[in-house]
Each structure stands twice: as structure tokens, then as C-alpha cells.
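Next come the chains, spelled out residue by residue.
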Amino acid sequence: MIVVMKPSITKEELDAVVGRIKSMGYQPHVLYGVERKVVACIGDERGKARLQALETMAGVETVMPILRPYKLASVITHPARSVVKVKADVKNGLAVAVGGKKFIIIAGPCSVESEEQIVETAKAVKKAGAHMLRGGAYKPRTSPYAFQGMEEEGLKLLALAREETGLPVVTEVMNPSDVPLVAKWADVLQVGARNIQNFALLKAVGKIHKPVLLKRGMMSTIEEFLMSAEYILSEGNPNVILCERGIRTFEKATRNTLDLSAVPVLQMETHLPVIVDPSHATGHWQLVEPMSRAAVAAGADGIMVEVHPHPEEAWSDGAQSLKPETFRQLVKDLKPFVTAMKKTM
Ligand code: PEP
Ligand code: MN
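This text gives an overview of the structure that appears in the document. None of the values given here were measured: they were computed from a predicted structure. (Residues numbered from 1 in each chain as written. Chains lettered and ligands numbered in written order. Predicted model: local features only at pLDDT ≥ 70, side-chain atom pairs only at ≥ 80, totals over all residues. Heavy atoms only, no water.)

## A short note on the sheet that holds strand E3 (residues 37-42)
Line of reasoning, step 1. Read across the sheet, four strands follow the order E2-E3-E1-E4 without closing on themselves; strand pairing throughout is antiparallel. The open sheet terminates on both sides in strands that have one partner only, identified here as strand E2 (27-32) and strand E4 (60-64). Direction aside, the axes of adjacent strands within the sheet are offset by 20° on average.
Line of reasoning, step 2. In this sheet, E4 lies alongside strand E1 (residues 2-5) in antiparallel orientation, the contact comprising four bridges. Looking at the pairing, Ile2 lines up with Met64 of E4.
Line of reasoning, step 3. Across the sheet, helix H1 (residues 11-23) is in contact with E1, E2, E3 and E4; its angle to E2 comes to roughly 150°. (Pairing = 2+ DSSP bridges. Helix = DSSP H or I, 4+ residues; strand = E, 2+ residues; numbered from the N terminus. Axes fitted to C-alpha atoms, helices over the stretch in contact; angles between N-to-C directions. Contact = heavy atoms within 4.5 Å.)

## Details of the coordination of the manganese ion (ligand 2)
Line of reasoning, step 1. Coordination sphere of the manganese ion (ligand 2), protein contribution only: Cys110 (SG), His280 (NE2), Glu306 (OE) and Asp317 (OD), at 2.0 to 2.4 Å.
Line of reasoning, step 2. Coordination of the manganese ion (ligand 2) draws on donor residues from a single chain, spaced C-x169-H-x25-E-x10-D in sequence. Placement of Cys110 in the loop between strand E7 (104-108) and helix H2 (115-128) and of His280 in helix H8 (residues 278-282) is noted, with a sequence separation of 170 residues between them. Each member of the pair, Cys110 as well as His280, carries the same accessibility label: buried. (Donors = N, O, S within 2.8 Å, 3.2 Å for Na, K, Ca; no water. Buried < 20%, exposed > 50% of the residue type's maximum accessible area, 1.4 Å probe, protein only.)

## Concerning the pairing of E3
Each regular strand shows side chains that alternate between the opposite faces of the sheet.
Line of reasoning, step 1. Where E1 and E3 come together, three bridges link them in antiparallel fashion. Bridging across to E3, Ile2 finds its partner in Ala40.
Line of reasoning, step 2. Judged from the six bridges that link them, E2 and E3 form a sheet pairing that is antiparallel. Its bridge partner being in E3, His29 is matched across the sheet by Ala40.
Line of reasoning, step 3. Taking the residues between adjacent antiparallel strands as the criterion, E2 and E3 are bridged by four residues.

## Observations regarding helix H6 (residues 222-234)
Line of reasoning, step 1. Spanning 13 residues, H6 covers 18 Å between terminal C-alpha atoms, matching the ideal 18 Å at 1.5 Å per step.
Line of reasoning, step 2. Buried within H6 we find Ile222, Phe225, Leu226, Ser228, Ala229, Glu230, Ile232 and Leu233.
Line of reasoning, step 3. As for H6, its buried residues are in contact with helix H5 (199-206), strand E11 (212-215), strand E12 (240-244) and helix H7 (262-269). (Expected span 1.5 Å × (residues − 1).)

## Some details on the site of ligand 1
Line of reasoning, step 1. Close contacts around ligand 1 come from Arg134, Lys139, Pro140, Glu172, Gln190, Gly192, Ala193, Arg194, Lys215, Arg245 and His280, and that covers them all.
Line of reasoning, step 2. Within the contact set of ligand 1, an oxygen atom lies 2.8 Å away from a backbone nitrogen or oxygen of Ala193.
Line of reasoning, step 3. Here ligand 1 has 290 Å² of accessible area as a free molecule, and 96% of this is covered by the chains.
Line of reasoning, step 4. Of the residues belonging to the shell around ligand 1, the class tally is two nonpolar, three polar and six charged. (Near = heavy atom within 4 Å. Polar contact = N/O pair within 3.5 Å; in protein donor to acceptor, adjacent residues only side chain to side chain. Areas by Shrake-Rupley, 256 points an atom, 1.4 Å probe, with all protein chains shown as cover. Nonpolar A, V, L, I, M, F, W, Y, C, P; charged D, E, K, R; others polar.)

## Here's the deal with the pattern of salt bridges
Line of reasoning, step 1. Per the stated rule, a full pass over the model turns up 12 salt bridges.
Line of reasoning, step 2. For Arg36, the salt bridge is made with Glu61, and the minimal N-O distance between the two is 3.1 Å. Taken as a pair, Arg36 in the loop between E2 and E3 and Glu61 in strand E4 lie far apart in primary sequence, 25 residues in all.
Line of reasoning, step 3. Exposure remark for Glu61: the relative accessible area of 40% places this residue in the partly exposed category.
Line of reasoning, step 4. In this structure, the salt-bridge partner of Arg216 is Glu244, at a minimum N-O distance of 2.8 Å. Here Arg216, found in the loop between E11 and H6, pairs with Glu244, found in strand E12; they are 28 residues apart in sequence, far enough to count as distant.
Line of reasoning, step 5. Take Glu244: its relative accessible area is 0%, and that puts it in the buried class. (Salt bridge = Lys/Arg side-chain N within 4 Å of Asp/Glu carboxyl O.)

## Focus: the pairing of strand E10 (residues 188-191)
Line of reasoning, step 1. Taking every second residue as pointing to the same face, both faces of E10 are buried, with Val188 and Gln190 on one and Leu189 and Val191 on the other.
Line of reasoning, step 2. As paired strands, strand E9 (residues 169-172) and E10 are joined by three bridges and run parallel to one another. Directly across from Glu172, in E10, lies its bridge partner Gln190.
Line of reasoning, step 3. Handedness of the β-α-β unit built from E10, H5 and E11 comes out right-handed. (Right-handed = clockwise from strand over helix to strand, strands pointing away.)

## Observations concerning the sheet that holds E7
Line of reasoning, step 1. Judged by pairing direction, the barrel is parallel, and its eight strands sit side by side in the order E7-E8-E9-E10-E11-E12-E13-E14 before closing back on the first. Pairs of neighbouring strands in the sheet enclose a mean axial angle of 25°, with direction left out of account.
Line of reasoning, step 2. The pairing of E7 with strand E14 (residues 302-306) spans five bridges and is classified as parallel. Its bridge partner being in E14, Ile106 is matched across the sheet by Met304.
Line of reasoning, step 3. Against the sheet, H2 touches E7 and strand E8 (132-134), its axis set at about 145° to E8.
Line of reasoning, step 4. Contacts from H5 reach E10 and E11, with the element oriented near 165° to E10.

In C-alpha cells:
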């Protein structure tokens with residue numbers, strides 16, 4: 001922390017601040033500038049936030065952290081990029097590495113609706129080149145009257161689709177008490193945008209070792225996003241994949257505003273892999289392909305796309321879901337962009 005003094009600070013006020021810093025257990029180092037004085041506080045990183053209260057003392061202008069509040073997520077403490085390994089928990093299941101040279105495509109319906117729907121989708125997206133299957137069994141819906149998901153039955157259908165295709169499955173968990181059950185069936189546990197600051201849930205998924213796909217909240221700053229990742233890492237689970245899925249702005253033409261600059265910003269700040277969800281970001285199937293291309297160009301490690309065999313009949317998010325043939329074309333069209341970014345598919 002550094003404490004920046006007002007130009008008008010008196011000697012007595014400076015002495016009082018220095019004394020207070022010492023009494024809080026930190027070593028003050030006064031730096032004398034031309035216009036103002038600054039005091040650097042040296043000591044244990046933990047608890048340094050308490051120093052912020054010095055802003056209430058006479059002569060103090062502001063108190064600023066000099067280090068990032070996230071430690072385990074930071075590139076400073078972990079300069080090598082993390083590669084999160086995922087393995088489909090089934091005989092001959094496929095293994096996928098997120099964050100390496102390979103651009104990863106996760107595809108599947110918003111919600112698991114039936115055996116036929118999820119198995120048909122899984123086979124179609126695998127044939128088109130997807131590396132993982134998504135599908136919600138527990139759905140975070142704005143309305144309590146909307147379809148809430150098939151719950152455990154949906155998890156079993158995802159496992160069946162995995163058996164048929166070998167694709168690892170990604171599915172959302174909303175409640176800390178459901179973590180053991182979801183971890184039993186899924187290969188990657190998703191924490192959705194609405195739960196990014198459900199700290200009990202973050203701690204619960206931090207205690208398991210299966211990879212976690214953490215989606216940015218529609219109202220989260222990048223710093224808050226990384227602090228949520230820090231919760232998972234600090235519980236001992238290093239397998240975190242970040243997902244930019246759009247933030248809420250004043251714009252109404254799209255469901256959210258895809259913050260693509262978050263991709264390079266995150267890559268400067270953290271070693272964790274970063275993927276993009278162009279489906280929830282835009283809300284319209286026609287925008288999924290252009291924003292997928294943009295995600296590749298921005299340097300993302302992968303994308304997650306909603307695909308439904310009959311989007312017009314989907315129980316949730318039909319408007320933003322691609323038909324299998326449109327998805328197949330998307331994968332084809334992405335190839336030259338992935339190659340241009342020196343990655344493979
Ligand atoms: C989802 O991926 O199914 C979902 C609900 O997305 P988000 O949490 O980003 O809204
Ligand atoms: Mn959805």
C-alpha cells in the first residue's frame with residue numbers, strides 16, 4: 001500500500017500517519033517528492049486492506065494498493081500459462097487441454113431436454129469438430145415460472161451422451177450442496193454469470209479437483225472476476241477456465257455487450273485460460289459466427305456455443321442457438337482464423 005499525502009500536510013500530521021502505520025504493524029518508508037510526500041507501507045500482504053482507513057486521517061489524500069489483490073490468479077506469482085486438462089470420465093473418453101496450442105470448441109444446447117435431444121446434439125457437434133459437450137441440467141432462470149432444468153435426470157442424460165460420443169461434458173452447478181452430485185456426473189463444473197459472487201459456491205467448487213468453468217458476471221469488473229477465480233484457487237483447485245460472456249451495458253441490440261478487450265486484459269493479468277461465449281453475449285444466432293471469429297482474433301483459448309437440433313422448439317435460448325449444420329459451417333469457417341493465430345483445432 002502507498003499513502004499519498006496532500007501537498008498541504010503539516011509535520012505533525014505526517015508524524016501522526018507514520019505513527020499509525022507503525023502501530024498497525026507495518027514499516028513506513030517516507031518518500032519526499034517535489035510536490036508531495038508518499039509513504040510506502042511494508043509488511044504482511046494479508047490484512048493490508050486495513051490500511052485503507054488511513055484515508056480518514058488529516059493530511060492524507062489517498063491510499064492505494066501497489067499490488068493486485070489476486071495473488072494465485074496473477075501472472076506475477078505464476079508467469080507460465082496454465083493449461084487445464086479435462087478428461088471425459090468414460091471408457092475411451094476424450095482428453096482435452098484448455099489453454100494450450102489447441103483452440104477449444106465447447107458446444108451443445110442451453111438446456112438438456114430429453115435423451116434424444118442431447119444425444120443427437122452430442123453426435124452432431126462431435127462430427128462437426130467440437131471438443132466438449134455443454135448442456136444445462138440446473139438452469140438459472142430470471143423467471144421462477146420458466147423451465148428450471150431436468151436436474152439429476154439431466155445429469156444422467158449428459159453422461160449418456162458422453163458414453164455415446166466420448167466428449168467431456170460441461171454443466172452448471174448453482175447450489176453448493178449440489179457440488180458432489182454434479183461432480184459425480186460432469187467433467188467440468190460451470191459456475192454461471194449469476195453466481196460469480198456466490199462465495200459459498202466458489203469455495204465448494206474450490207474443494208474439488210474437477211475443472212471449473214467460471215463465467216464473468218454481467219456486472220463484474222475484470223478485477224472482481226479474478227477475485228472470484230481467486231476464491232476457487234485459494235481453496236486448492238488450480239483448474240479454473242475463465243469465460244467472457246458479455247456484460248450489461250445501455251445497448252439493447254444485443255442481449256449483452258461482448259467485452260472482447262477482456263480477453264487480452266485477462267491474458268496480461270492472469271495465467272488462467274480464457275474462453276468466449278458468443279451465444280449468451282449476443283443473444284442472436286446470426287451474431288455467433290462473427291463474434292466467434294473475433295474471439296479467435298482476440299487471442300481466446302476457445303469458445304462455448306449453444307447448438308440445438310431444433311432451435312425453434314428449444315426450451316431455453318432458442319434464438320441464440322445454432323442449428324447443427326450452421327455450427328458445422330462455423331467450425332469450418334473458423335479454421336483459417338485459428339491457423340492465422342498459430343493455433344490448431
Ligand atoms: C449458460 O451457459 O447456460 C448460462 C446460463 O450462461 P450465463 O451464466 O453466462 O448467463
Ligand atoms: Mn443459455
